[in-house]
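# A look at the structure
Take a look at the letters that make up each chain.
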Amino acid sequence: MKYDFSAIEKKWQDKWDADGVFNATEDYSKPKFYGLVEFPYPSGAGMHVGHIKAYSGLEVISRKRRMQGYNVLFPIGFDAYGLPTENYAIKTGIHPRQVTDNNIAKFTSQLKRVGFSFDWNRVVDTTEEDYYKWTQWIFRKMFDEGLVFRATTLVNYCPSCKVVLSNEDSQGGKCDICHSDIIQKSKDVWYLRITEYADKLLQGLDKVDYLPNIKLQQENWIGRSEGAFANFAIAGTDDSLRIYTTRCDTMFGVTFMVIAPEHPIIEKYRDRITNFDALEAYKTECAKKTEFERTQLVKDKTGVRIEGLAAINPANGKEIPIYISDYVMMGYGTGAIMAVPAHDERDFDFAKKFGFDIIEFIKGGDISKEAYTGDGEMVNYDFLNGIKTKKEAIEKMLAYLGEKCVGEKGIQYKMKDWAFNRQRYWGEPIPIVHCDHCGMVGVPYEELPLRLPNVENFAPGEGGESPLAKIDSFVNCTCPKCGKPAKRETDTMPQWAGSSWYFLRYCDPHNADAFASKEALNYWLPVDWYNGGMEHVTRHLIYSRFWHRFLYDIGEVPVDEPYAKRTAQGLILGPDGDKMSKSKGNVVDPNDVVDKFGADVLRVYILFMGDYASAAPWNEDSVRGCKRFLDRVAGLCDMASGNGVTAKLESAFHKTIKKVSLDIEDMKFNTAIATLMSLINEIYDCGSLTNDELGIFVRLLCPFAPHLAEEIWETLGNKGLCTLAAWPEWDDAKTVDSTVEIAVQVSGKLKFTKEIPVDTSKDDAIALVKADERMAQYLEGKTIVKEISVPNKIVNIVVR
RNA sequence: GCGCUUGUGGCGGAAUUGGCAGACGCGCCAGACUUAGGAUCUGGUGUCCCCGACGUGCAGGUUCAAGUCCUGUCAAGCGCACCA
């Protein structure tokens, strides 16, 4: 058969579309499989081969599941709100709606060309009214439940994008969108109280099947820490400074305290403080630093002593000075710490800089060089003297603090509440009204969606206010509670809002009365398998678990964890081995590959190039190798005749069915394809095969190269589609040959191999080997010390 | 600094979990068919002092047997980053 890929691919894509073969059905009695891939952000650049790889894994698994008779939901959509589109719109003057529609059309055509088996009836677009209505609805529910609050705090701010960013959007001190340096700015912002869910998010990890490194990264991001709170009295007042520490055992070693420059105690005791101006100057200085500058100064600590204020160490009653320094942050713990120079690295650096004595309280290190944070015998420690472990000392100290009513056990998380508003146009309007009489009032549910007004100018204001603030007709409204004039919130939600629940909408995407029906949710949830990028592990994956868990708590979804299983694909690097990027000019466009080699070759190559979870560079020569493979597959048509089995190939086929079936489940697509290549080599060596065998081969190939598989399936005279044909099954008994080649070693060195009957007993195998004429030369003049035999593997005769 | 991951031919990568290292593909070499070949087919291809020895970043160790387990070490990548 001639392999005319462009004709074949068009033909079958049209056929699949016309028949709607990939549409999940509402027959809820069938066993289901819900495979989810991260829906793309429809950027102007179009898709690159990395997108194709991200979808190809579950594409193969979903296709296999369909052939196995499952009702498969394998949906796609577009996460279309966000800054790149808005920035492009500002630059070109084209409305973001128009830009988004163009980009979605482009992405859709690219995805269809590759032949993905997505359910195109269930496409969601987060920017459409009937979608974001429910994003706002969920937000309203959170507002009702007290998970939304407004506070003025130091926040991450991107001066280039002119927006407030969440902690998750500021990883590495860089803006997630434009990679500019983040600055800290005091702002009044909306928060989602995700920290209230920290423990639930942590515990939920125990029952899901995520790759270990994904779990670990989430655990680290949540960053649960067990320690103690303690109150240090402020000398001469009834007040106290509250600190958080994980090392309350070292409290006897506290020689000073440090608080964050923004700590409210400074303002409170302004009258007593004699160097207030110096403190203010330091605070201003700190605010100017970017995140990057702060981390560059790790060893070189700065700070100012608060003159006129002192604290009392509750452990020993000694008076100690208080400093402000930017190594203590307002956002973690209480914004105040007790400093133990000998046994904490940062306190050690600070003490060195400010000339404090460093006194050893725990033996074991050399505190003239560095802080010692390990276990050791306690000295100079009052009632803790002689104790050898932190654990024991912490318990004793907690009991002591409790007795004196100055402290107690406490838990802290690294994760911070989610700064949720963005001062931009292209996002979901936050459904809140500000009323002078009633405060913040939620927009009534029946008024949702709160529509994003059409504006002429989408650029943010210089003062950092949202473009919506300029639309009087949007801003001015009446309070839903008291009916008096009020003003709407003009900020919008962050890009992550829409993607936090999209997998729920796929279950029932056209529902006008609910985000999805209970029946649909009961049937489809949880997502059986979710694959996506590692970069989303501490962003989207945390956020969406949080939203889902919230919906579970208020009874809106039937399961507590949304994703039963999560895997991740590795990057495709450019041909030069670097990360693909427009600026390096090493981006591979899937359209070019499809034009030149066909969609099937693209699909096979992407999965063959290496371990699915690892990064691998693009190599066009290797693409050609995959083309050769499919050419050889097409060539099988001219070799096949008759029915039944070919004696020489029977066991090879059973072995291949088994290996391909199991490898797909393990996402070991590269070895699955390698196995098919080996089989085709064997078939060519054999010189012929039957039509039945070719039918098995193309069904195994179908998830990888569905167009060619369909074409051959049709030429074999089958009426239905290969895509819907039954997945082949193997017979374990037929995967075993009658003989097996074992390795023969003498004293652990391989000497030769020998063919013996399969499952020969250990003793018989040794006897057979010893009887082999080739053995004589190795045994002559030697004594046998030991004989080792592993059935079907190896015989090792140890001689001396 | 802390955490995680990975080091195997000229290249991408296999190796049933302690049992013949280098499957499969690329590249390369030789040959065949061709006016021609970035086409196709056949054979070969870890290294070397090539009847033998050496080989999975490096150095040790355990074992009859180590890419796989243990100890140390080096390198690269990813993540977090003054988290008290």
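Sequence order as written defines residue numbering, which begins from 1 separately in each chain. Here every chain gets a letter starting at A, and every ligand a number starting at 1, in the order they are written. Under the rules for a predicted model, residues below a pLDDT of 70 receive no local features and side-chain atom pairs below 80 are neither given nor counted, while totals for whole chains, interfaces and linings still include all residues. Working from all heavy atoms in the structure, the side-chain values ignore hydrogens and water.

### Description of the protein's contact with RNA strand B
As a matter of local geometry, RNA strand B sits amid 53 residues, with Gln-171, Thr-246, Arg-346, Arg-624 and Asn-796 nearest to it. Working definition: residue near molecule or strand if any one of its non-hydrogen atoms lies within 4 Å of it. For RNA strand B, the backbone makes up 61% of the atoms found within 4 Å of the protein, where backbone means sugar plus phosphate. Any pair of N or O atoms that falls within 3.5 Å is considered a polar contact. Within protein, one atom must be able to donate a hydrogen and the other to accept it, and sequence-neighbouring residues count only if both atoms are side-chain atoms. One of the backbone N or O atoms of Met-329 is found 2.8 Å from a base nitrogen in RNA strand B. At a separation of 2.7 Å, a base nitrogen of RNA strand B approaches a polar backbone atom of Tyr-332. Segments assigned H or I by DSSP are reported as helices when at least four residues long, segments assigned E as strands when at least two residues long, and all are numbered from the N terminus. Here the element with the most residues in the surface near RNA strand B is helix H20 (residues 620-639); it accounts for 7 residues.

### Some words on helix H7 (residues 212-222)
Buried residues are those whose accessible area, probed at 1.4 Å on protein chains only, stays under 20% of the maximum for their type, while exposed residues exceed 50% and partly exposed ones sit between those limits. Residues Ile-214, Gln-218 and Ile-222 constitute the buried set of H7. Along the axis of H7, the buried residues cluster in a sector spanning 65°; they form a single face. Residues are treated as being in contact if the distance between any of their heavy atoms lies within 4.5 Å. Residues of H7 that are buried in the fold lie against helix H6 (198-204), strand E8 (209-210), helix H17 (540-553) and strand E22 (565-568). What the arc describes is the spread of directions from the helix axis to the C-beta atoms.

### Quick look at the nonpolar core
The nonpolar side chains of a soluble globular protein tend to be buried, and buried together. For the purposes of this section, nonpolar cores are sets of buried Ala, Val, Leu, Ile, Met, Phe, Trp, Tyr and Cys residues that join through side-chain atoms within 4.5 Å. Judged by nonpolar contacts, the single largest core of 92 residues is most densely connected at Trp-618, Phe-629, Leu-630, Phe-697 and Phe-704. If sequence neighbours within four positions are ignored, Phe-629 has contacts with Val-604, Ile-673, Leu-676, Met-677, Ile-680, Phe-697 and Leu-701. Counting 82 residues, the second largest nonpolar core, distinct from the first, contains Leu-73, Leu-147, Met-415 and Val-537.

### Some words on the sheet that holds strand E2 (residues 71-73)
Read from one edge of the open sheet, 5 strands run E2-E1-E21-E22-E8, paired in parallel fashion. The sheet is open, and its two edges are formed by E2 and E8, each paired on a single side. Here strand E21 (residues 529-532) runs beside E22; their pairing, made up of 3 bridges, is parallel. Within the sheet, the bridge partner assigned to Tyr-530 lies in E22 and is Arg-566. Interaxial angles span 0 to 180 degrees and are taken between N-to-C directions of axes, which are lines fitted to C-alpha atoms, for helices over the stretch in contact. Where helix H2 (residues 49-67) meets the sheet, it contacts strand E1 (32-37), E2 and E21, and its direction lies at approximately 170° from that of E1. Pairing between two strands is assigned when DSSP locates at least 2 bridges connecting them.

### So, the environment of Leu-602
For Leu-602, the position within the fold is in helix H19 (residues 599-608). Given the relative accessible area of 0%, Leu-602 is considered buried. Distance from Leu-602 to Lys-53, taken between C-alpha atoms, is 9.6 Å for residues 549 residues apart in sequence.

### Points about the environment of Gly-236
Residue position: Gly-236 is located in the loop between strand E9 (225-234) and strand E10 (240-245). With 74 residues separating them along the chain, Gly-236 and Ala-310 place their C-alpha atoms 8.5 Å apart.

### A look at the pattern of salt bridges
Note on pairing: side chains with opposite charge can pair once their charged atoms come close. A carboxyl oxygen of Asp or Glu within 4 Å of a side-chain nitrogen of Lys or Arg is what we treat as a salt bridge. Tallied over the full model, the rule gives 52 salt bridges. Between Asp-188 and Arg-150 there is a salt bridge whose closest N-O contact spans 3.1 Å. Of this pair, Asp-188 sits in strand E7 (residues 183-192) while Arg-150 sits in strand E5 (residues 148-158), placing them 38 residues apart in sequence. The class of Asp-188 is partly exposed, set by a relative accessible area of 39%. Among the salt bridges present, the one from Arg-774 reaches Asp-772, with a minimum N-O distance of 3.1 Å.

### A short note on the confidence of the model for chain A
Note on scores: pLDDT gives the predictor's confidence for each residue, bounded by 0 and 100. On average, residues of chain A carry a pLDDT of 91, and 99% of them reach 70 or more. Predicted complex metrics record ipTM = 0.94 and pTM = 0.93.

### What to know about the pairing of strand E28 (residues 794-799)
Relative to E28, strand E25 (residues 739-746) runs parallel, the two sharing 4 bridges. Across the sheet, residue Val-746 finds its bridge partner in E28, namely Ile-797. Turn length for the strand E27 (residues 784-790)-E28 hairpin, with the two strands adjacent in sequence and antiparallel, is 3 residues, and the turn residue Asn-792 shows positive phi of about 65°.

### Section: H17
Given a rise of 1.5 Å per residue, 14 residues ought to cover 20 Å, and the 20 Å separating the end C-alpha atoms of H17 matches this to within 8%. For H17, the buried fraction is high: 12 of the 14 residues fall into the buried class. Within the span of H17, buried status applies to His-540, Leu-541, Ile-542, Tyr-543, Ser-544, Arg-545, Phe-546, Trp-547, His-548, Arg-549, Phe-550 and Leu-551. After H17 finishes, the residue Gly-555 shows a positive phi value of roughly 80°. In a helix, the anticipated span is given by 1.5 Å times the number of residues less one.

### A closer look at the state of the cysteines
The disulfide criterion used throughout: a pair of cysteine sulfur atoms within 2.5 Å. Here the structure, examined in full by the defined rule, presents 0 disulfides. Cys-175 forms no disulfide, and the closest cysteine sulfur to it belongs to Cys-178, at a distance of 3.7 Å.

### Regarding the packing of aromatic side chains
Each aromatic pair joins two rings of Phe, Tyr and Trp (for Trp, the six-membered one) with centres within 6.5 Å, and gets the label stacked for planes under 30 degrees apart, edge-to-face for over 60, and tilted for any other angle. Across all of its chains, the model carries 48 aromatic pairs by this definition. On the basis of an interplanar angle of 20° and a centroid distance of 4.4 Å, the ring pair of Tyr-131 and Trp-501 is categorised as stacked. Separated by 370 residues along the polypeptide, Tyr-131 in helix H5 (residues 129-144) and Trp-501 in the loop between helix H14 (496-499) and helix H15 (502-505) bring together distant segments of the chain. Both residues of the pair, Tyr-131 and Trp-501, count as buried. When the centroid spacing of 5.4 Å and the interplanar angle of 70° are considered together, the rings of Tyr-502 and Tyr-506 count as edge-to-face. Each member of the pair, Tyr-502 as well as Tyr-506, carries the same accessibility label: buried. Grouping aromatic residues by their ring pairs yields a cluster made of Phe-139, Tyr-197, Trp-418, Phe-420, Trp-496, Tyr-543, Phe-546 and Trp-547.

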